[in-house]
Amino acid sequence: DGTKQKRERKKTVSFSSMPTEKKISSASDCINSMVEGSELKKVRSNSRIYHRYFLLDADMQSLRWEPSKKDSEKAKIDIKSIKEVRTGKNTDIFRSNGISDQISEDCAFSVIYGENYESLDLVANSADVANIWVTGLRYLISYGKHTLDMLESSQDNMRTSWVSQMFSEIDVDNLGHITLCNAVQCIRNLNPGLKTSKIELKFKELHKSKDKAGTEVTKEEFIEVFHELCTRPEIYFLLVQFSSNKEFLDTKDLMMFLEAEQGVAHINEEISLEIIHNYEPSKEGQEKGWLSIDGFTNYLMSPDCYIFDPEHKKVCQDMKQPLSHYFINSSHNTYLIEDQFRGPSDITGYIRALKMGCRSVELDVWDGPDNEPVIYTGHTMTSQIVFRSVIDIINKYAFFASEYPLILCLENHCSIKQQKIMVQHMKKILGDKLYTTSPNVEESYLPSPDVLKGKILIKAKKLSSNCSGVEGDVTDEDEGAEMSQRMGKENVEQLNSVPMKRFQLCKELSELVSICKSVQFKEFQVSFQVQKYWEVCSFNEVLASKYANENPGDFVNYNKRFLARVFPSPMRIDSSNMNPQDFWKCGCQIVAMNFQTPGLMMDLNIGWFRQNGNCGYVLRPAIMREEVSFFSANTKDSVPGVSPQLLHIKIISGQNFPKPKGSRTKTVHQNGDAPIFDESFEFQINLPELAMVRFVVLDDDYIGDEFIGQYTIPFECLQTGYRHVPLQSLTGEVLTHASLFVHVAITNRRGGGKPHKRGLSVRKGKKSREYASLRTLWIKTVDEVFKNAQPPIRDATDLRENMQNAVVSFKELCGLSSVANLMQCMLAVSPRFLGPDNTPLVVLNLSEQYPTMELQGIVPEVLKKIVTTYDMMIQSLKALIENADAVYEKIVYCQKAAMEFHEHLHSIGTKEGLKERKLQKAVESFTWNITILKGQADLLKYAKNETLENLKQIHFAAVSCGLNKPGTENAEVQKPRRSLEVIPEKANDETGE
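- Within an unreviewed UniProt entry, the label attached to the protein reads Phosphoinositide phospholipase C, and the organism entered is Otolemur garnettii.
- The UniProt entry for the protein carries this comment under Catalytic activity (unreviewed entry): "a 1,2-diacyl-sn-glycero-3-phospho-(1D-myo-inositol-4,5-bisphosphate) + H2O = 1D-myo-inositol 1,4,5-trisphosphate + a 1,2-diacyl-sn-glycerol + H(+)".
- Recorded in UniProt for the protein, the comment headed Subcellular location (unreviewed entry) runs: "Cytoplasm".

See below:
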């Protein structure tokens, strides 16, 4: 929740037809395509755009375009005058063009040429075409007059040698050909995701184009089909970005890719070699330490490059907080495996839920035959299962997926006699797993999941402490009765013979209930005054929605201390699911889901609980846990003290998509199972800790079920960089070999955020700067304290945003977007710092904490401008690092001073003459202000860590590119990390994130 799309986009992307011509798999392919030419849009200032046909001269010395009013000799650029080729809309002309927003970032590129660094700004019809021109031009710049020699030598490259060897291993008799069957099987072994029929078709098409009879396959045909089917152009284009236009990555290239793009920490050549040995298929590549396109593809498709951060595959959150501070994976009517009214009950429902990490299951218990309690939904036609067999299954699987506490939500409708049977079964089967310790009245919060490891908690009605007998009278909670009433008069007359009533509860069962006593909710103000921390209220989905909309702040505050269970509306007879995020954003811990019903809502539930080792418990955001913090569940704007994050996702391509079930059309010429999308999206995330991302693949062309696959992931689990997204079926099974290839970047608008979620974003001038505002309580002594906090808040904002603006200015001069990090900036700008003889025109002095750029003689004005902008950026980084601690301490001091008034705020306000509504408003304003102060302190601390990370990136990029002044490398600087130390939420609290 809390996401906003920056601009409206079509939510699904139809499969695009792939061109039937040969796939791009080498620089030679790119050069040939450029010689043939392409129509490109030429962008000029003042929103002018011209359609021109661009082509590379056959001698590869000039880039030309036509038609043109200029003389044909002027409508060209000499290749040797080109300084660099930029991707995206990263020149002044693109940025100032009035229709820039209508131009796709992925289709735009610029040729920077001449001594004055002029730009030729172009837009291709597709990202594929843009990549061809960018790759080809960069190749020409690198090799100049030697381009032809390089192209010829690359024809007999490592990859071709390896594929030839594969062919020779099959052609044991050295006949020069192999059977079609063997050729198909070999290619499928090398690329298991390919369908046999697709490989066979490709060979048959090749033979048909040559008018060849028979099915024998020659070595040349084998190599051609392999290149066609097993080359992913999008990965080739990525490889040459980092390979200095070689056809492979060496260890240093791979190190640069891992550090600059993937954010991997502590990389060295040994790690690069290990990756090459693990994923490079050719013996030559392994021996030389080279990663070919096939090895690079293998690596990018491996679990090492999945989008899910492996840190979250194990329990990674603080498990020592009170139980009420966690979201708990919960099941509704766990015994049902179909609908709610007529469906069967089965113990497999419990097995499935517990294996999926569920930590709260439901048992609806009624009197059964032969003095054995049974489980089913009362007043309905659902079948029955014996209570004892369910307890047996729970005992067996309770801690199969998680060692943390399991809650049994017991809806007891049994007679006293059968209640005692229930107790006997639970005590005998569950034994000392049952947690029956009485709550400590001296405490204010529930025990933690850590304390309750391996324990089973019973949530049920409990006799009041003043009940001295062996049994007592309690109210009945009966979902089934409510459901049957809604089924219509006929069904009610038939089935609703047991009215809602009070019933007798035996003392033995009551004693099994300790810290999850079921009570009826009345209203928030009553609960705040009288509810005990061990008492749990259940809310019908409809009632919970009402409170979420009408009392969002109260609902969040209520859930800071008490457990709340939300169950689906009785109207959901088909076992459909509510949206769990509607209630998680209110802080509701136990949102009970119908696990038997797949679809969007269960995808959200399954995805959400992946983020903490799938242990069934997820720690709620600090703003929803801390006693004095302001958060409203239905807020549409940014959250006080939390920096909105911008999520940039580029959907690049899809691999091995299966056909949707029930499809009635066939794919003829489309590459529907491996489409290229190249489409970018941007979302604003207001509270990252509550946000999720769901990738869904649909096919608009099929009639019937259009669903192909999905993957749902919490925002906090995203890994940035180039990632594969493993797709899952509607029922949650992994679709073998089916994936999306994406690029993920996370930036922020006003600083802050996790340091490894790299990058900054929007520049804001001081005039338009937004400062956090504190509210007036109309309590003089308290308002005076908050008034003193305004100057350090302004100082903190200025430090952060001055730094941010300077960094963005430097990125723009480097020709990169705000998504880039400073390591990428240094890599992009480093070629400009080299003279004609490859001697540095600019070096970085790394002997001090703040690296300075030093000119080495006379340099062009454009380089002077880069150096000046860099110096301004370094000064802003220095100002933040050197002043952040003092400003931080001032904010924390004001926060502590204000908190001195918290306990007696009501009485102070009353003395000041505030009554009822105004007094309540003053308390709310106090909470708002404290939240702002905490947030501003955290944002400043985040910004300081991010700034230190920026300095490390500059340092290591300078060393990697050989731009450091000799003898100035500072050995004490640590390598950039993907994740710095966690920033505490409070000055004295090290548990937050």
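Picking up where we left off.
1. What about the overall build of the protein?
- Assigned secondary structure in the protein consists of 29 helices and 31 strands.
- When each of the 993 residues of the protein is scored for burial, the buried share is 56%.
- Once local pairs closer than 6 in sequence are excluded, the contacts in the protein between residues at least 24 apart make up 71%.
- With an accessible surface of roughly 42,700 Å², the protein has 50% of that area assigned to carbon and sulfur atoms.

2. Some remarks on the nonpolar core
- Y350, L363, I394, L410, M426 and F539 are the most contacted members of the largest nonpolar core, which totals 75 residues.
- Both domains that furnish three or more residues to this core are identified here as domain 3 (323–482 + 501–624) and domain 4 (645–660 + 672–748).
- With sequence-adjacent residues up to four places away left out, Y350 is seen in contact with T334, Y335, V361, E362, L363, I375, I385, V390, I393 and I394.
- Judged by nonpolar contacts, the second largest core, of 67 residues, contains M803, V807, M823 and I930.

3. Observations regarding the pairing of strand β16 (residues 456–459)
- Here β16 shows two buried faces, one formed by I456 and I458 and the other by L457 and K459.
- Two elements, strand β15 (residues 406–412) and β16, share four bridges in a ladder whose sense is parallel. From the neighbouring strand, L408 faces β16, where its bridge partner is I458.
- Tracing the backbone out of β15, into helix α16 (residues 416–430) and back to the parallel element β16 gives a crossover that is right-handed.

4. With respect to the sheet that holds strand β4 (residues 62–66)
- An order of β5-β4-β3-β2-β8-β7-β6 is seen for the seven strands of this open sheet, with the pairing classed as antiparallel. Whereas interior strands pair on both sides, the edge strands pair on one side only; in this sheet they are β5 (76–78) and β6 (82–87). The sheet shows a mean angle of 30° between the axes of neighbouring strands, direction not considered.
- Direction of pairing for β4 relative to β5: antiparallel, over a ladder of three bridges. Looking at the pairing, S62 lines up with D78 of β5.

5. Observations concerning helix α26 (residues 822–829)
- The buried fraction of α26 is high, at seven of eight residues.
- Within the span of α26, buried status applies to L822, M823, Q824, C825, M826, L827 and V829.
- Buried-residue contacts for α26 involve α10 (251–260), α25 (780–813), β30 (842–845), β31 (852–855), α27 (861–899) and α29 (916–960).
- Measuring from the backbone nitrogen of M823 back to the side-chain oxygen at the start of α26 gives 3.3 Å, which picks out N821 as the cap.

6. Digging into the state of the cysteines
- Enumeration according to the criterion identifies zero disulfides in this entry.
- This cysteine, C717, is not joined by any disulfide, and C316 carries the nearest cysteine sulfur, 7.0 Å off.
- For C717, a relative accessible area of 0% gives the class buried.
- Left unpaired, C825 is separated from the closest cysteine sulfur, that of C814, by 4.4 Å.

7. Here's the deal with unusual backbone geometry
- For the bond running from E66 to P67, omega is -10°, close enough to zero to count as cis.
- You will see that D678, though not glycine, has its phi angle at about 50°, which is positive.
- As for its position among the elements, D678 is in strand β25 (residues 676–685).

8. Focus: the packing of aromatic side chains
- For the structure on display, the rule yields 37 aromatic pairs.
- Relative to F226, the ring of W162 has its centre 5.7 Å away and its plane inclined at 75°; by these criteria the two rings are edge-to-face. With W162 in helix α5 (residues 158–170) and F226 in helix α8 (residues 219–230), this residue pair connects regions lying 64 residues apart in the sequence.
- Note on W162: relative accessible area 7%, which makes it buried.

9. Quick look at the packing of helix α6 (residues 180–190) against α8
- The N-to-C vectors of α6 and α8 enclose an angle of 35°; their axes lie 11 Å apart at closest approach. Pair α6 / α8 crosses with right-handed handedness. Residue-level inspection shows A183, C186, I187 and L190 of α6 in contact with α8, the latter providing F222, V225, F226 and C230.
- Along the lines of polarity and charge, the residues of the contact of α6 with α8 split into eight nonpolar, no polar and no charged.

10. Considering the pattern of salt bridges
- In this structure the tally under the stated criterion is 35 salt bridges.
- Across the pair K210 and E221 runs a salt bridge whose closest N-O atoms are separated by 3.7 Å. Placement of K210 in the loop between α7 (196–209) and β10 (217–218) and of E221 in helix α8 is noted, with a sequence separation of eleven residues between them.
- The salt bridge partner of K288 is E284, with a shortest N-O separation of 2.9 Å.

11. Brief notes about the pairing of β4
- Bridge count for strand β3 (residues 49–56) against β4 is four bridges, and the pairing is antiparallel. Paired with L55 across the strands is R64, a residue of β4.

12. Some points on helix α14 (residues 348–355)
- Within α14, the full set of buried residues consists of G349, Y350, I351, A353 and L354.
- Of the surrounding elements, those touching the buried residues of α14 are β11 (326–331), β12 (360–366), β13 (374–375), β14 (385–386), α15 (387–397) and β15.

13. What to know about the side chain of R832
- Note that R832 resides in the loop between α26 and β30.
- Look at R832 and you get buried, because its relative accessible area is 5%.
- Ignoring any residue separated from it by four or fewer positions in sequence, one finds R832 in contact with E84, R86, Y117, L813, C814, G815, L841, L863 and I866.

14. Some thoughts on the environment of E118
- Considering the arrangement of structural elements, one finds E118 in strand β8 (residues 118–123).
- For E118, a relative accessible area of 41% gives the class partly exposed.
- Considering only alpha carbons, one finds E118 and I82, 36 residues apart in sequence, at a separation of 9.4 Å.
- In contact with E118, not counting residues within four places along its chain, are V111, I112 and Y113.

Rules used throughout
- Residues numbered from 1 in each chain as written.
- Predicted model: local features only at pLDDT ≥ 70, side-chain atom pairs only at ≥ 80, totals over all residues.
- Heavy atoms only, no water.
- UniProt positions renumbered as here; feature names shortened; annotations may be inferred.
- Helix = DSSP H or I, 4+ residues; strand = E, 2+ residues; numbered from the N terminus.
- Buried < 20%, exposed > 50% of the residue type's maximum accessible area, 1.4 Å probe, protein only.
- Contact = heavy atoms within 4.5 Å.
- Areas by Shrake-Rupley, 256 points an atom, 1.4 Å probe, with all protein chains shown as cover.
- Core = buried A, V, L, I, M, F, W, Y, C linked by side-chain atoms within 4.5 Å.
- Domains from an automatic or database assignment.
- Pairing = 2+ DSSP bridges.
- Right-handed = clockwise from strand over helix to strand, strands pointing away.
- Axes fitted to C-alpha atoms, helices over the stretch in contact; angles between N-to-C directions.
- Polar contact = N/O pair within 3.5 Å; in protein donor to acceptor, adjacent residues only side chain to side chain.
- Disulfide = S-S within 2.5 Å.
- Phe/Tyr/Trp six-rings, centres within 6.5 Å; stacked < 30°, edge-to-face > 60°.
- Left-handed = near helix turned anticlockwise from the far one by under 90°.
- Nonpolar A, V, L, I, M, F, W, Y, C, P; charged D, E, K, R; others polar.
- Salt bridge = Lys/Arg side-chain N within 4 Å of Asp/Glu carboxyl O.

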